[in-house]
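# Architecture at a glance
Chain by chain, the residues:
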Amino acid sequence: MRYLTFALTKGRLADKTLEALEKIGIGCEEMHDKTSRKLIFVNEEKKLKFFLAKGPDVPTYVEHGAADIGVTGKDIIMEENRQIYEVLDLGFGKCRMCVCGPAEAGSLLKHQEMIKVASKYPRIARDYFHNKKHQTVDIIKLNGSIELAPIVGLTDVIVDIVETGTTLKENGLQVLEEVCPLSARMVVNQVSMRMEAERIRWIINELKKNLN
Ligand code: PRP
């Protein structure tokens, strides 16, 4: 039997994913050691490998077949737009992709005005404004602390993840429009889905049974 390889998103998402996998009996004890800097772990008995990657790299590993299965956020899956199958909503890591800004910016979204938008997710932002709202916008890609953009006058609004809303509130911003809901998703390599259909389908079905 060949190894089935999982690419997990380093951090909280990997912890939640392992919890879900352990519930169906396919965990990896070694991964619980928080002091370890190891990036790849093997479950010899079940012939499974798990590695920890940065979220945006998970779809890349899966598309190229370096991992059979990946778990990352829907935001990343949409932004990366890779040739992979999205097979399951795992139900955790729930948050929303939103257009946010100061309250005054709300009117700019209603009148098809040319506005500036900052985002870590330029593809999602472009798709939303161009294809859904038919509004011409200038998108500026940033890598983090997106909330700064409208505060310092770089852009009118941002397209960003909102979880608790605390970051927005503490910076005098608010949700102006919701783009879409987000959560952790399982993705599968297209060839693996055929070659390892039985094992992968078993994992999907078992995880499904445990979703609450
Ligand atoms: C994310 C997101 C928001 C914040 C939302 O940032 O970009 O800034 O979390 O969470 P909240 O609604 O619970 O306040 P992250 O912490 O990933 O860091 P980043 O600024 O580097 O993107």
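Rules of the game
- Residues numbered from 1 in each chain as written.
- Predicted model: local features only at pLDDT ≥ 70, side-chain atom pairs only at ≥ 80, totals over all residues.
- Heavy atoms only, no water.
- Near = heavy atom within 4 Å.
- Polar contact = N/O pair within 3.5 Å; in protein donor to acceptor, adjacent residues only side chain to side chain.
- Areas by Shrake-Rupley, 256 points an atom, 1.4 Å probe, with all protein chains shown as cover.
- Helix = DSSP H or I, 4+ residues; strand = E, 2+ residues; numbered from the N terminus.
- Nonpolar A, V, L, I, M, F, W, Y, C, P; charged D, E, K, R; others polar.
- Buried < 20%, exposed > 50% of the residue type's maximum accessible area, 1.4 Å probe, protein only.
- Contact = heavy atoms within 4.5 Å.
- Patch = residues over 30% accessible without salt bridge, like charges linked within 9 Å, V, L, I, M, F, W, Y side chains within 5 Å.
- Salt bridge = Lys/Arg side-chain N within 4 Å of Asp/Glu carboxyl O.
- Domains from an automatic or database assignment.
- Buried area = accessible area lost by both parts, 1.4 Å probe.
- Expected span 1.5 Å × (residues − 1).
- Arc of directions from axis to C-beta.
- Pairing = 2+ DSSP bridges.

This part takes up the site of the ligand. Near the ligand you find K120, G144, S145, E147, D160, I161, V162, E163, T164, G165, T166 and T167, and these make up its full shell. E163 has a polar backbone atom sitting 2.8 Å from an oxygen atom of the ligand. Starting from 490 Å² of accessible surface for the ligand in isolation, the protein chains cover 65%. Looking at the shell around the ligand, the elements with two or more residues in it are β9 (157–162) and α6 (166–170). It is β9 that provides the largest number of residues to the shell around the ligand, a total of three residues. For the shell around the ligand, a count of residues per class yields two nonpolar, six polar and four charged.

Every α-helix winds through 3.6 residues per turn, so residues three or four apart in the chain are directed the same way. Three or more residues of helix α4 (residues 122–132) are buried, namely P122, I124, A125, Y128 and F129. The elements touched by buried residues of α4 are α3 (74–80), β6 (95–101), β7 (115–119), β8 (137–141), β9 and β10 (174–182). With its phi angle positive at about 55°, H134 sits one or two positions after the end of α4.

Moving on: a nonpolar patch on the surface. Together, L148, I151, V152 and L154 line one region of the surface with nonpolar side chains, adding up to about 360 Å² of accessible area. When you line up the elements, V152 lands in the loop between α5 (148–151) and β9. Looking at V152, the relative accessible area reads 61%, which means it is exposed.

Right, let's get into the domain arrangement of the protein chain. As far as domains go, the protein chain holds domain 1 (4–93 + 183–210) and domain 2 (95–181). Averaged C-alpha coordinates put domain 1 and domain 2 at centres separated by 30 Å. With seven residues of domain 1 at the interface, the matching set in domain 2 holds ten residues. Where domain 1 abuts domain 2, roughly 750 Å² becomes buried across the two surfaces, and 49% of that area is made up of carbon and sulfur atoms. Among the residues domain 1 hides against domain 2, the three largest losses belong to D75, M78 and E79. Together they make up 63% of the total. The interface formed by domain 1 and domain 2 contains one salt bridge. With a shortest N-O distance of 3.7 Å, E163 and R12 are connected by a salt bridge. Where domain 1 touches domain 2, the interface holds four residue pairs in polar contact (both at pLDDT 80 or more). Residue contributions to the side of domain 1 that touches domain 2 peak at three residues, all from α3. Classifying every residue of the side of domain 1 that touches domain 2 gives one nonpolar, two polar and four charged.

Take helix α1 (residues 12–23) next. Compared with an ideal rise of 1.5 Å per residue, which puts twelve residues at 16 Å, α1 spans 17 Å between its outermost C-alpha atoms and is within 8% of the ideal. If you check which residues of α1 are buried, you get L13, A14, T17, L18, A20 and L21. Projected down its long axis, α1 shows its buried positions confined to an angular sector of 160°, all on one face. The exposed set on the far side of α1, more than 90 degrees from its buried face, consists of R12 and K23.

Where burial is concerned, the two faces of strand β2 (residues 40–43) differ: the one with F41 and N43 is buried and the one with I40 and V42 is not. One ladder, built from four bridges, connects β2 with strand β3 (residues 48–53); its direction is antiparallel. Looking across to β3, one finds that I40 is bridged to F51.

Looking at the secondary structure, you find T164 in the loop between β9 and α6. Taking the C-alpha atoms as reference points, T164 and R96, separated by 68 residues in sequence, lie 9.6 Å from one another. A distance of 2.7 Å separates a polar atom in the side chain of T164 from a polar atom in the side chain of T166.

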